[in-house]
Amino acid sequence: MREQLQLLENLQQVDLKLKETEESLSDLPAKLKSLHEDLQRVESMLEEERGRLSEAESYMAELKQTMAADQELVQKTKTKLQAVRNSKEYMAIQREFESNRKAMSERESEISTLSEAISTLQQSIGKHEGDVEELRSHVNEQESSTNTRISELKAAAEEHMVERGKMAEKVRRDVLRKYDIIRGKRGLALVTAAGGVCTGCHMQIPPQLYNILQRANRI
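Values in this document were obtained by computation on a predicted structure and should not be read as measured data. (Residues numbered from 1 in each chain as written. Predicted model: local features only at pLDDT ≥ 70, side-chain atom pairs only at ≥ 80, totals over all residues. Heavy atoms only, no water.)

How would you summarise the overall build of the chain if you had to cite specific residues and measurements?
What the chain contains, in helices and strands, is 4 helices and 2 strands. Going from N to C terminus, the chain has its helices and strands arranged as α-α-α-β-β-α. Taking 17 Å as the expected radius of gyration for a compact globule of 219 residues, we find that the chain reaches 40 Å, considerably beyond that expectation. Seen along its three principal axes, the alpha-carbon backbone of the chain occupies a region of about 130 × 35 × 20 Å. Counting all 219 residues of the chain, 23% fall into the buried class. Counting contacts in the chain only where the partners sit at least 6 residues apart, residues at least 24 apart contribute 74% of the total. A total of about 15600 Å² of accessible surface is found on the chain, and carbon and sulfur atoms cover 50% of it. (Helix = DSSP H or I, 4+ residues; strand = E, 2+ residues; numbered from the N terminus. Rg over C-alpha atoms; globule rule 2.2 N^0.38 Å. Buried < 20%, exposed > 50% of the residue type's maximum accessible area, 1.4 Å probe, protein only. Contact = heavy atoms within 4.5 Å. Areas by Shrake-Rupley, 256 points an atom, 1.4 Å probe, with all protein chains shown as cover.)

What follows is the structure, given as structure tokens:
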């Protein structure tokens, strides 16, 4: 029976290695997926910034066209002023001139403010483009190393499975069945008993049962 216990202990060591390998195989794709999601998020933010820049530049083009029209109106009213013949007509055209000039001034101010906003946005986009490229490079590196590691882990898992199969053949079927049932429920099926205490559940073992365990005549 001590031989069976030793076989179970060896089998459990392989099972623990196999479990660790399988957990790593499960964790790696999840970590890689998280990195890809981070990259997609910052790429989306960058696209939103580019969209705002495009809208601002389009609006700037419209303002400049309007500004050109304002300048033309101002020039026309100047010409009218030079051709006036009476004070009443002069005052009317003067009011028109001042209105057009004010509109042009407001447009100039709006263009100046928008120009500064566009410049700031362009700088922000330039920085974020660098950040995205850096993150993309990091993700690509991680993807390559992760795929390599996954291949290594799969190979290791196959080796552990082959090794487990060989070890399991040496264990009595009834003992192996109990071992697998307990392992499925608790993770560990085989633990030591020391000082009258089970090191797995930390419960006190009745003295009579503890003596039986020490003799190791049966499982």
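Don't stop here, the text continues.
Explain the nonpolar core to me, and be specific about the residues and the numbers.
If you look at the biggest cluster of nonpolar residues, it comprises 20 residues, and the most contacted ones within it are Leu53, Met60, Ile111, Leu114, Ile118 and Ile125. Sorting the residues of this core by element identifies α1 (2-82) and α2 (87-170) as the ones contributing at least two each. The next biggest cluster of nonpolar side chains, apart from the first, holds 8 residues, and it includes Leu11, Ala168, Leu176 and Tyr179. (Core = buried A, V, L, I, M, F, W, Y, C linked by side-chain atoms within 4.5 Å.)

Give me the lowdown on the environment of arginine 186, citing residues and values where you can.
For arginine 186, the position within the fold is in helix α3 (residues 173-186). Relative accessible area serves as the criterion here: at 67%, arginine 186 is assigned to the exposed category.

Tell me about the side chain of threonine 146, residues and numbers included.
Mapping threonine 146 onto the fold places it in helix α2. Within the local environment of threonine 146, its side chain forms a polar contact with the backbone oxygen of glutamine 142, the two atoms lying 2.6 Å apart. Discounting residues that sit within four places of it in the chain, threonine 146 has contacts with Leu28 and Leu32. (Polar contact = N/O pair within 3.5 Å; in protein donor to acceptor, adjacent residues only side chain to side chain.)

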